[in-house]
Amino acid sequence: MNYWLLKSEPDSFSFNDLERALNKRTVWDGVRNYQARNIMRDDMQVGDLVFFYHSSCPIPGIAGICRVTQTDIIDPSSLDPSSKYFDPKSSLEKPRWITIEVEAVEALPKIIPLKEMHQHEALANMVLLNRSRLSVQPVRADEWHYLLNNM
DNA sequence: GCCAACGTTGGC
DNA sequence: GCCAACGTTGGC
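Remember, it's a predicted structure, so these values are computed and weren't measured experimentally.

### Details of the sheet that holds strand β3 (residues 49-54)
- An order of β2-β5-β4-β3-β1-β6 is seen for the six strands of this open sheet, with the pairing classed as mixed. Since the sheet does not close on itself, it has two edges, and those belong to β2 (25-27) and β6 (136-139), each with one partner. Taken over all neighbouring pairs, the strand axes of this sheet differ in orientation by 35° on average, direction set aside.
- Alignment of β3 against strand β4 (residues 61-74), held across six bridges, turns out to be antiparallel. Within β4, the position partnered with F51 by the bridge is I65.

This is the structure:
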């Protein structure tokens, strides 16, 4: 089993929104970055655990934990002409944007702020702290457990 | 609102 | 295939 981190702007979709969604699940649509897509398409598996990260907000940080419940989903927004994520180069026959579904597992007792993560040497190699713009990214097992047990 | 980092586009 | 121009992300 592997660990990941997904970013979302809480103004558009927060961890709390996921907990209130039908079955506490959502299709992770709207990602339009090839590296992020490749991770979802090629590397993420049902059962993998995922940190839900809040970006572009007053306290950027990890808000909760979710789980991958489905893979190999054609991003519905890419085929929807009325969506701002519509991609005319994508089609049902040759889909370009493949994504996953996640379900909320639990909120963290307290958000782990990015600011605090910067202060821990054990997290210094996290993708989040080094490749700040990637919105779907791997988390190492030692980093995952450190975050849950030491912060 | 600024701006650094970095991904994408398109002319050549 | 290079690279300048441009657009987006996201912390501050």
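Alright, that's what it looks like, and here's the rest.
### Here's the deal with the packing of aromatic side chains
- Under the definition given, this model contains six aromatic pairs.
- Aromatic side chains F15 and F52 sit 5.5 Å apart centroid to centroid with 70° between the ring planes, which places their arrangement in the edge-to-face category. With F15 in helix α1 (residues 15-20) and F52 in strand β3, the pair connects residues that are 37 residues apart, well separated along the chain.
- Residue classification places F15 among the buried residues on the basis of a relative accessible area of 2%.
- The class of F52 is buried, set by a relative accessible area of 0%.
- One aromatic cluster is present, formed by F13, F15, W28 and F52 through successive ring pairs.
- If you follow R37 out to its NZ or CZ, it ends over the ring of W97, 5.8 Å from the centre.

### Some remarks on the UniProt feature "domain: EVE" (unreviewed entry) in chain A
- According to UniProt, the feature "domain: EVE" (unreviewed entry) maps to residues 2-149 in the numbering used here.
- Here residues 2-149 is 22% helix and 33% strand, with 18 Å between the C-alpha atoms at its ends.

### Points about helix α5 (residues 141-150)
- Taken as a whole, α5 has its buried residues at E143, W144 and L147. Buried positions in α5, seen along its axis, are confined to an arc of 105° and lie on one side of it.

### A word on the protein's contact with DNA strand C
- Residues in contact with DNA strand C, as listed here, are K7, Y53, S55, S56, P60, L114, S132 and R133.
- A distance of 2.8 Å is found between a phosphate oxygen of DNA strand C and a side-chain nitrogen or oxygen belonging to K7.
- In the model, a phosphate oxygen of DNA strand C is placed 2.9 Å from a nitrogen or oxygen of the S56 main chain.
- Split into classes, the residues belonging to the surface near DNA strand C amount to three nonpolar, three polar and two charged.

Rules of the game
- Residues numbered from 1 in each chain as written.
- Chains lettered and ligands numbered in written order.
- Predicted model: local features only at pLDDT ≥ 70, side-chain atom pairs only at ≥ 80, totals over all residues.
- Heavy atoms only, no water.
- Pairing = 2+ DSSP bridges.
- Helix = DSSP H or I, 4+ residues; strand = E, 2+ residues; numbered from the N terminus.
- Axes fitted to C-alpha atoms, helices over the stretch in contact; angles between N-to-C directions.
- Phe/Tyr/Trp six-rings, centres within 6.5 Å; stacked < 30°, edge-to-face > 60°.
- Buried < 20%, exposed > 50% of the residue type's maximum accessible area, 1.4 Å probe, protein only.
- Lys NZ or Arg CZ within 6 Å of the ring centre and 35° of its normal.
- UniProt positions renumbered as here; feature names shortened; annotations may be inferred.
- Arc of directions from axis to C-beta.
- Near = heavy atom within 4 Å.
- Polar contact = N/O pair within 3.5 Å; in protein donor to acceptor, adjacent residues only side chain to side chain.
- Nonpolar A, V, L, I, M, F, W, Y, C, P; charged D, E, K, R; others polar.

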